[in-house]
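# Summary of structural features
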Amino acid sequence: MENIKDKVIVITGASSGIGAAAARKLAGLGAKVVLAARREDQLQSLVNGMGDNAMYVVTDVSKRTDLDNLIQQAISRFGHIDVLWNNAGVMPISFFDEGHVDEWDKMIDINIKGVLYGINAVLPHMLQRGQGHILTTSSVGGLKTSPGIGVYSGTKFAVKAIMETLREEVAQTIKVTTVYPGATQSELGHDITSPKIKALYGNLKSMPKMDEEAIADAVIYAISQPGNITVNELVLRPLGQT
Ligand code: NDP
């Protein structure tokens, strides 16, 4: 595919689900991919299947220094970064009256602060180059709310506000894309502890879901656009999701 070969693409949340699917596809298209997440065994086995143009950096996006290190390591290995995709996220959802405050903190730290730390780490490099592309994964939950997803939804609405403001600030040089997936096959929600959510959604397993490849393909569409075209928003839902 045009405009993908040799692009240096850093992806957080690349050890499973949407990020892993996209990393595999992008590596197959000749991109230089840098995979980031916490589970080293998953990252190692993904990179093993990708050849010389892939590397991983164990990264906890809730730690600012980890994002700084990720960006530095990617630049040291490949010379520059064309694309940063802030994709890492967690969704241990619950109802407010269950008081799962530790899980609220976790979602805020990973889904909001992790995105900010990524932007902060890469922006000076991209501004200095006068080009670059920053993507972040929000959610359909970042466009509308529903009972039980208040804090997760709040983090994803925050992503929308952050990314739209970033776009307005850097529109002359840097591409900015926010990705809003609907229900997608992945490990998301594996850490739900709320009995009310489990009862309501059957642990989310029975919902109609898109294949993670669908989101990967949409992101590849955005990344592969010519230099003067910026795709700002991608919204994908499985048929039937409201
Ligand atoms: P997965 O659970 O499969 O992937 C989540 C990824 O985030 C994993 O690679 C995980 O890796 C990583 N991650 C979690 N916490 C951290 C952390 N602290 N530091 C670094 N990486 C972390 O789910 P998805 O692929 O579905 O999720 C990807 C994104 O898509 C998320 O932002 C999610 O909110 C969003 N999304 C998903 C939808 C869906 O239905 N699946 C719908 C809407 C949005 P590790 O545990 O190894 O750190």
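Located above this text is the structure these notes cover.
Description of the structure in this document. Note that the coordinates shown come from a computational prediction; the quantities given were computed from them, not determined experimentally.

### Quick notes on the packing of helix α1 (residues 17-28) against helix α7 (residues 212-223)
Between α1 and α7, the least distance of the axes is 8 Å, while the angle of their chain directions is 55°. Between α1 and α7, the interaxial angle falls into the category oblique. At the point where α1 passes α7, the crossing takes the right-handed sense. Only Glu-212, Glu-213, Ile-215, Ala-216, Val-219 and Ile-220 of α7 make contact with α1, whose side of the interface consists of Gly-17, Ile-18, Ala-21, Ala-22, Lys-25 and Leu-26. Of the residues belonging to the contact of α1 with α7, the class tally is eight nonpolar, one polar and three charged.

### A look at the site of the ligand
With respect to spatial proximity, 30 residues lie near the ligand, and among them Gly-13, Gly-17, Arg-38, Gly-89 and Ser-186 are the closest. Considering every element that reaches the shell around the ligand, the biggest residue donor is α1, with three residues. Grouping the amino acids of the shell around the ligand by side-chain chemistry returns eleven nonpolar, 15 polar and four charged.

### As for the environment of Arg-38
You can see Arg-38 is positioned in the loop between β2 (32-37) and α2 (40-48). Assessed through the 15 C-beta atoms surrounding it within 10 Å, Arg-38 is described here as partly exposed. Separated by 23 residues in sequence, Arg-38 and Ser-15 place their C-alpha atoms 7.8 Å apart. The contacts of Arg-38, once residues within four sequence positions are left out, are Val-58 and Asp-60.

### Points about the sheet that holds strand β5 (residues 132-137)
The seven strands lie next to each other as β3-β2-β1-β4-β5-β6-β7, forming an open sheet whose pairing is parallel. The two strands at the open ends of the sheet, each matched to only one other strand, are β3 (54-58) and β7 (233-236). Neighbouring strand axes in the sheet, compared pairwise and without regard to direction, differ in orientation by 15° on average. Sheet topology note: the strand β4 (residues 83-86)/β5 ladder contains four bridges and is parallel. Its bridge partner lying in β5, Asn-86 is registered against Thr-136.

### Remarks on the nonpolar core
Nonpolar side chains tend to gather and get buried jointly when the protein is soluble and globular. In terms of nonpolar packing, the biggest core is built from 66 residues, with Val-10, Ile-11, Ala-23, Val-33, Leu-35, Ala-36 and Val-219 touching the most fellow members. The element that contributes the greatest number of residues to this core is helix α4 (residues 101-129), accounting for nine residues. Residues contacting Val-10, with those up to four places away along its chain left out, are Val-34, Ala-36, Leu-70, Ala-74, Ile-81, Val-83, Leu-84 and Trp-85.

### Some thoughts on unusual backbone geometry
Backbone geometry at Asp-6 places phi at a positive 70°, although glycine is not the residue there. What makes Asp-6 exposed here is the crowd of 11 C-beta atoms within 10 Å.

Each value, and the rule that gives it
Residues numbered from 1 in each chain as written. Predicted model: local features only at pLDDT ≥ 70, side-chain atom pairs only at ≥ 80, totals over all residues. Axes fitted to C-alpha atoms, helices over the stretch in contact; angles between N-to-C directions. Helix = DSSP H or I, 4+ residues; strand = E, 2+ residues; numbered from the N terminus. Parallel < 35°, antiparallel > 145°, perpendicular 65-115°, else oblique. Left-handed = near helix turned anticlockwise from the far one by under 90°. Contact = placed C-beta atoms within 7 Å. Nonpolar A, V, L, I, M, F, W, Y, C, P; charged D, E, K, R; others polar. Near = placed C-beta within 6 Å. Buried ≥ 20, exposed ≤ 12 C-beta atoms within 10 Å, placed from the backbone. Pairing = 2+ DSSP bridges. Core = buried A, V, L, I, M, F, W, Y, C linked by C-beta atoms within 7 Å.

Limitation: the analysis is restricted to geometry and does not speak to function.
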